[in-house]
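Commentary on secondary and tertiary structure
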Amino acid sequence: MRGFLCCAYIDGATGPIGPIGPTGLTGATGATGAAGGTGATGVIGAAGATGVTGPNPTATAGFAANTAGTSLSVALGGTPNPQPSAQVFSANITPNAGNTVFTVATAGRYRISYHVNTTASLLMGSRLVINGVNNTASTIAPVLSVSSYENEIEIDLAANSTVSLQLYPLLLAGVAVLISGGAGASLMIVRLS
């Protein structure tokens, strides 16, 4: 039988470090971490200065009524209805001397309403006349005799527009007597914007 001779190896000295190799490929992106907690609320800033007060459109308004029981001769072309009683007007709405035409100095969008109440039923119509033109939307032209008329419109008015409430005959001229001691007729003009 042959014998094996075993030899012991002894490590030699460590050699010098070799050159750095090329950078490896970038690894896959890891999963997104959980969101952090919400930070504390910051301090509230100082309040800004108060702006100037805007205009009040409804400061331009007017109301007039006829409570005297006026008798009106209503002509074929129409007759303006005087409103001499209970007048309340802002400075930019003024009546004429006969209280039949109201001049609106400020341009804007307006709501205009009216009422007419007579002592007897009549075959007459009512309407607003704006700047000398009959306003169709405000017109009431009944097919039967009535004693009460009322309507309301919204309309854009230019500066210095005129507004008048008018009765007119549907067939023949006649006489209308407004009720007394109450709203025989009334007209309201209110600026909306």
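Now for a quick tour of the structure. Sequence order sets the numbering: in each chain, residues are counted from 1 along the sequence as written. Totals for whole chains, interfaces and linings use all residues, but because this is a predicted model, local features are given only for residues with pLDDT of at least 70 and pairs of side-chain atoms are given and counted only at 80 or more. The side-chain numbers reported here are obtained from all heavy atoms of the structure, hydrogens and water having been left aside.

1. So, a nonpolar patch on the surface
- Patch building starts from residues that exceed 30% relative accessible area and form no salt bridge, then joins like charges within 9 Å and nonpolar side chains (Val, Leu, Ile, Met, Phe, Trp, Tyr) within 5 Å. The protein chains shown are the only cover counted for residues, whose accessible areas, like all others here, come from Shrake-Rupley with a 1.4 Å probe. One speaks of a salt bridge when a side-chain nitrogen belonging to Lys or Arg is within 4 Å of a carboxyl oxygen belonging to Asp or Glu. Where nonpolar side chains cluster on the molecular surface, the patch consists of Leu123, Leu171 and Leu172 and spans about 330 Å² of accessible area.
- Accessibility expressed as a relative area gives 67% for Leu172, which makes it exposed. Burial status follows relative accessibility: with a 1.4 Å probe on protein chains alone, a residue under 20% of its type maximum counts as buried, one over 50% as exposed, and anything between as partly exposed.

2. Thoughts on the packing of aromatic side chains
- For this analysis, a ring pair means two rings from Phe, Tyr or Trp (six-membered ring only for Trp) whose centres lie within 6.5 Å, classed as stacked if their planes differ by under 30 degrees, edge-to-face if by over 60, and tilted for the remaining angles. Applying the stated criterion across every chain yields a total of one aromatic pair.
- Lysine NZ or arginine CZ positioned within 6 Å of the ring centre and within 35 degrees of the ring normal marks a charge as sitting over the ring. Its end group placed over the ring of Tyr168, Arg127 keeps NZ or CZ at 3.9 Å from the ring centre.

3. Some details on the side chain of Gln166
- Per the convention used, a helix needs a DSSP run of H or I reaching at least four residues, while a strand needs a run of E reaching at least two, with both numbered from the N terminus. On the secondary structure map, Gln166 appears in strand β11 (residues 161-169).
- Look at Gln166 and you get buried, because its relative accessible area is 9%.
- In the analysis that follows, any N or O atom pair within 3.5 Å is treated as a polar contact, provided that within protein one partner can donate a hydrogen and the other can accept it, and provided that, for residues neighboring in sequence, both atoms belong to side chains. Side chain to side chain, Gln166 and Arg127 meet in a polar contact 2.7 Å long.

4. Examining the side chain of Thr100
- If you trace the backbone, Thr100 turns up in the loop between β5 (93-95) and β6 (102-104).
- The contact criterion used is simple: two residues touch if any of their non-hydrogen atoms lie within 4.5 Å. With near-sequence residues (within four places) excluded, Thr100 lies in contact with Pro80, Asn81, Pro82, Val163, Ser164 and Leu165.

5. What about the environment of Met124?
- Position of Met124 relative to the elements: it lies in strand β8 (residues 124-130).
- Among the residues examined, Met124 registers a relative accessible area of 5% and is labelled buried.
- Considering only alpha carbons, one finds Met124 and Leu171, 47 residues apart in sequence, at a separation of 7.9 Å.

6. Quick notes on unusual backbone geometry
- At Asn99, a position not held by glycine, the phi torsion is positive, near 60°.
- Asn99 sits in the buried class, given a relative accessible area of 16%.
- Positioned with a positive phi, Asn160 is a non-glycine residue whose angle comes to about 65°.
- Here Asn160 is to be found in the loop between β10 (146-157) and β11.
- Judged by relative accessible area, which is 51%, Asn160 ranks as exposed.

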